[in-house]
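Structure assessment
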Amino acid sequence: MGDRPRPDAHRFLAGGPRGAPRTRVRIPFRRPVRGRPGTGTGSPHRGGAHGRPRSFGGRSGAAGQGAGGSAGAAPVSRATSAAPAIPAATAAPGLPAPAAAPGSPAGTVGAAAAAPSGGARVAARPGTVLGSARFREVYRTRHAYAAGSMYQGIASTDLVVRMAEHGLFGFFGAGGLSLARIGAALDDIERRLPPGAAYGMNLLHDMADPDLERATVELFLRCGVRHVEAAAFTRVTAPLVLFRAKGAHRDAAGVPVAARQVLAKVSRPEVARQFLAPPAPELLAALVAEGALTRDEAAVAAELPVASDLCVESDSGGHTDQGVALALLPTLRRLRDRAARATGGEPVRVGAAGGIGTPEAAAACFLLGADFVLTGSVNQCSPQAGTSDAVKDLLAGLDVQDVAYAPAGDLFEIGSRVQVVRRGTMFPARANQLHDLYRRHDRLEDIDARTLSTLERTCFRRPVAEVWEDVVRHYRDTGRPQIARDAERDPRRRMALVFRWYFAASTRAALDGAKDDTANYQIHCGPAMGAFNRLVEGTALESWRRRDVDVIADLLMTGAADVLAGAGARTASRRPS
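Residues numbered from 1 in each chain as written. Predicted model: local features only at pLDDT ≥ 70, side-chain atom pairs only at ≥ 80, totals over all residues. Heavy atoms only, no water.

1. Observations regarding the overall build of the protein
Helix and strand counts for the protein stand at 20 helices and 13 strands. Taken across its 577 residues, the protein has 56% of its residues classed as buried. A separation of at least 24 residues holds for 72% of the contacts in the protein among residues at least 6 apart in sequence. (Helix = DSSP H or I, 4+ residues; strand = E, 2+ residues; numbered from the N terminus. Buried < 20%, exposed > 50% of the residue type's maximum accessible area, 1.4 Å probe, protein only. Contact = heavy atoms within 4.5 Å.)

2. Some details on the sheet that holds strand 11 (residues 373–375)
Spatial ordering of the closed barrel is given by 1-2-3-4-7-8-10-11, a layout of 8 strands whose pairing is parallel. Sheet twist, expressed as the mean angle between neighbouring strand axes with direction ignored, is 30 degrees. With 4 bridges connecting them, strand 3 (residues 200–204) and strand 4 (residues 227–231) associate as parallel partners. The residue bridging L203 from the neighbouring strand is A230, located in strand 4. (Pairing = 2+ DSSP bridges. Axes fitted to C-alpha atoms, helices over the stretch in contact; angles between N-to-C directions.)

3. Re the pairing of strand 2 (residues 169–172)
Because side chains alternate across strand 2, one face comprises the buried residues F169 and F171, and the other comprises G170 and F172, equally buried. Summarising the sheet, strand 1 (residues 145–147) and strand 2 pair through 2 bridges and their orientation is parallel. Note on strand 2: the bridge partner recorded for A147 is G170. Taken together, strand 2, helix 4 (residues 179–192) and strand 3 form a β-α-β motif whose crossover is right-handed. (Right-handed = clockwise from strand over helix to strand, strands pointing away.)

4. Some thoughts on the side chain of N379
Take N379: it is sitting in helix 12 (residues 377–380). Beyond its immediate stretch of four places on either side in the chain, N379 contacts Y145, A147, M150, L159, A385, V549 and I552.

5. Quick notes on the nonpolar core
Within the largest apolar cluster, 103 residues are counted, with the highest numbers of intra-cluster contacts made by L186, M201, F220, F275, L310, L395 and F532. Counting residues per element, this core draws most heavily on helix 20 (residues 549–574), at 11 residues. A406, Y438, L444 and L455 belong to the second-largest nonpolar core, a separate cluster that totals 30 residues. (Core = buried A, V, L, I, M, F, W, Y, C linked by side-chain atoms within 4.5 Å.)

6. Considerations on the pairing of strand 12 (residues 403–407)
Counted residue by residue, strand 12 has 4 buried out of 5 residues, so it is predominantly covered. Sheet topology places strand 12 next to strand 13 (residues 417–421); 5 bridges connect them, and they run antiparallel. Bridge pairing in strand 13 places Y405 opposite Q419.

7. Brief notes about the sheet that holds strand 13
Read from one edge of the open sheet, 3 strands run 9-13-12, paired in antiparallel fashion. Taken across any chain shown, the strands that pair with only one partner, and hence form the sheet edges, are strand 9 (318–319) and strand 12. Sheet strands in contact with helix 14 (residues 427–440) are strand 12 and strand 13, and its direction is about 25 degrees off that of strand 12.

8. Topic: the packing of aromatic side chains
Considering all chains together, one arrives at 12 aromatic pairs under this definition. Measuring from ring centre to ring centre gives 4.4 Å for F135 and Y139, while their planes differ by 20 degrees; the resulting arrangement is stacked. Measuring from ring centre to ring centre gives 4.5 Å for F135 and F372, while their planes differ by 10 degrees; the resulting arrangement is stacked. Remark: F372 occurs in the loop between helix 11 (359–367) and strand 11 and F135 occurs in helix 2 (residues 133–138); sequence separation between them is 237 residues. Grouping residues by exposure puts F135 and F372 together as buried. Above the ring of Y438, the side-chain terminus of R492 is found at 3.9 Å from the ring centroid. Directly above the aromatic system of W468 lies the positively charged group of R494, at a separation of 5.1 Å from the ring centroid. (Phe/Tyr/Trp six-rings, centres within 6.5 Å; stacked < 30°, edge-to-face > 60°. Lys NZ or Arg CZ within 6 Å of the ring centre and 35° of its normal.)

9. A few points about a positive patch on the surface
On the surface, R273, R334, R338 and R341 cluster together into a positively charged patch. Summarising the element assignment, R334 is placed in helix 10 (residues 325–339). (Patch = residues over 30% accessible without salt bridge, like charges linked within 9 Å, V, L, I, M, F, W, Y side chains within 5 Å. Areas by Shrake-Rupley, 256 points an atom, 1.4 Å probe, with all protein chains shown as cover. Salt bridge = Lys/Arg side-chain N within 4 Å of Asp/Glu carboxyl O. Lys, Arg positive; Asp, Glu negative; His and termini not counted. Charge placed at Lys NZ, Arg CZ, Asp CG, Glu CD.)

10. Things to note about helix 7 (residues 269–276)
Three or more residues of helix 7 are buried, namely V271, A272, F275 and L276. Looking straight down helix 7, one finds that the buried residues subtend no more than 135 degrees of arc, so they occupy a single side. Along its buried surface, helix 7 packs onto helix 6 (238–245), strand 7 (261–266), strand 8 (309–313) and helix 10. (Arc of directions from axis to C-beta.)

11. Digging into the side chain of R547
Following the sequence through the fold, R547 ends up in the loop between helix 19 (528–536) and helix 20. E542 provides the closest opposite charge to the buried, unpaired R547, separated from it by 7.2 Å. Here the side chain of R547 touches N533 through a polar contact of 2.9 Å, side chain to side chain. (Polar contact = N/O pair within 3.5 Å; in protein donor to acceptor, adjacent residues only side chain to side chain.)

12. So, the confidence of the model for the protein
Here the protein averages 82 in pLDDT, while 78% of its residues score no lower than 70. Taken as a whole, residues 1–7 scores under 50 in pLDDT and shows 11 contacts with residues more than four places along the chain or in a different chain. Across residues 15–123, where pLDDT falls below 50, the model places 265 contacts with residues more than four positions away in sequence or in other chains. (pLDDT = per-residue confidence, 0-100.)

13. Some remarks on the pattern of salt bridges
Taken as a whole, this structure holds 37 salt bridges when the rule is applied. E346 is the partner of R349 in a salt bridge, and the nearest nitrogen-oxygen pair spans 3.3 Å. One salt-bridge network, in which partners are shared between bridges, spans R134, E137, D309, E346 and R349.

14. What about the state of the cysteines?
Inspection of every chain in the model, using the stated rule, returns 0 disulfides. Free cysteine C365: the closest other cysteine sulfur is in C311, separated by 9.2 Å. Cysteine C525 shares no disulfide, and the gap to the nearest cysteine sulfur, in C381, comes to 8.6 Å. Here C525 falls in the buried class, since its relative accessible area comes to 0%. (Disulfide = S-S within 2.5 Å.)

15. Thoughts on unusual backbone geometry
Positive phi values are uncommon outside glycine, yet R140 reaches one of about 55 degrees. Structurally, R140 is set in the loop between helix 2 and strand 1.

16. Some points on the packing of helix 3 (residues 157–165) against helix 4
Contact geometry of helix 3 with helix 4 gives a least axis separation of 10 Å together with a crossing angle of 25 degrees. In terms of orientation, helix 3 and helix 4 fall into the roughly parallel class. Where helix 3 crosses over helix 4, the handedness of that crossing is right-handed. Residues T157, D158, V160 and V161 of helix 3 touch helix 4, and the partners they reach there are A185, D188, I189 and R192. (Parallel < 35°, antiparallel > 145°, perpendicular 65-115°, else oblique. Left-handed = near helix turned anticlockwise from the far one by under 90°.)

17. Structural notes on the packing of helix 7 against helix 10
Here helix 7 crosses helix 10 at 30 degrees, and the two axes come no closer than 10 Å. Of the two possible hands of crossing, helix 7 and helix 10 adopt the one that is right-handed. Here P269, A272, R273 and L276 of helix 7 come into contact with helix 10, specifically with L332, L335, R336 and A339. Here the contact of helix 7 with helix 10 is composed, by residue class, of 6 nonpolar, no polar and 2 charged. (Nonpolar A, V, L, I, M, F, W, Y, C, P; charged D, E, K, R; others polar.)

Here's what the structure looks like:
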């Protein structure tokens, strides 16, 4: 590294913006330690009976030790020692000064103060006052911040538990997993979660398999899950309403209260309106008729919005509508304000996701009025992420321009898009070629022999006939043989299923770190990853093995507080005396 100038990141890792009030001790610059192995908190998933009730989306148990969480704190992973010290946050201008926990610096909130419900015994670190205090209370987190789900368990049990151990909140990436694997993950999280801590599970809408969505919700209810992140929904479904309405009741004053929280990720106003409104009466009536809800639960749910939290998803890694936060967030906040007049209970909180990889980006979201922020791409490049080291090595080298758009495998036929890594992989080009062939041809036999041979050599790495055999076997083994049988009679549908096979195989190659198939890695990621890499260049966090998810959260949130405090100080200095 030589004597090159220190990057801008050091003002977040060590100091604050010039001119801002300083309440922290400056941390000496440390050069990155390369090649140090990460120390995860994982243990093998275990099975178990999924019929027993669990506590409120987190473990019940002894209360914590009060503000600051001193004695009796649960041990945390040894990986904590590998991370640079993160400074305490300063309050942003215009926000009330937080109550400091005993022994905490001014302008910070103790970890236990952010978890009043049961008092999680977690590592004592300060929190910021940015965003919604109610969000921090409901989700038992010291920042108005959540680590979002990443499908196929990339947002792993290790990630969820690590966040909880440090007084933070994360969603497990249940999308794309079997019920058995989701159940094993729930067992693993419940066994390792600190007492009183909270966590959430992803509920991914699947238009092709509504029965799986219902079975997943029923598993969540049996296991006592209280928080879900609803993703890829284009409409409110009966299983989602069942989750939200189950346990709904009135408090002593007769106010409707939801027992479960739904954080809905949206990027379109017409979808947001559905989540901001109460469930459709016909959905509630059908759930009552089948015995899934009581009449009292349905009556209370009819006064509550479907979502407790709305997460405005701008152009992000994975599925994306390529929305712009500057336009979306203010628009959906106004929708929320109008809809609040027609519903009871708590107002819906509106947060932001997509493109958040630096403190400045998080600060911009809060300046636009976000109640919380949710991150994704940056957490994929951490020791706790459930993907291969090969993928993490690739992600740690990305810049902001190293991503592209490709067709979404699960919505291949309708042309939905995902944002993926393009550097070091041919997946975007090959996936777009497959979708172009699908649009131009009615069946595989119409594709010229030369093109088909190229696909077999580069994408499939086997004859098309073998790919189709794998497809038939997959649907037979998952209890859906009729899908393959129907496709046998529909050549265009058969072609789509063969092409969709490539998307599943390319995801598996990346997750497994297949060394002989790197050209086909499918890695969902947005430009936030490159922005974060630039932020931490030349620091201890340049190595992904030092980027524990809680360290990322603290860096972004305390840095955001500094950005806003610095902006306030500069504004004040320019005012005429």
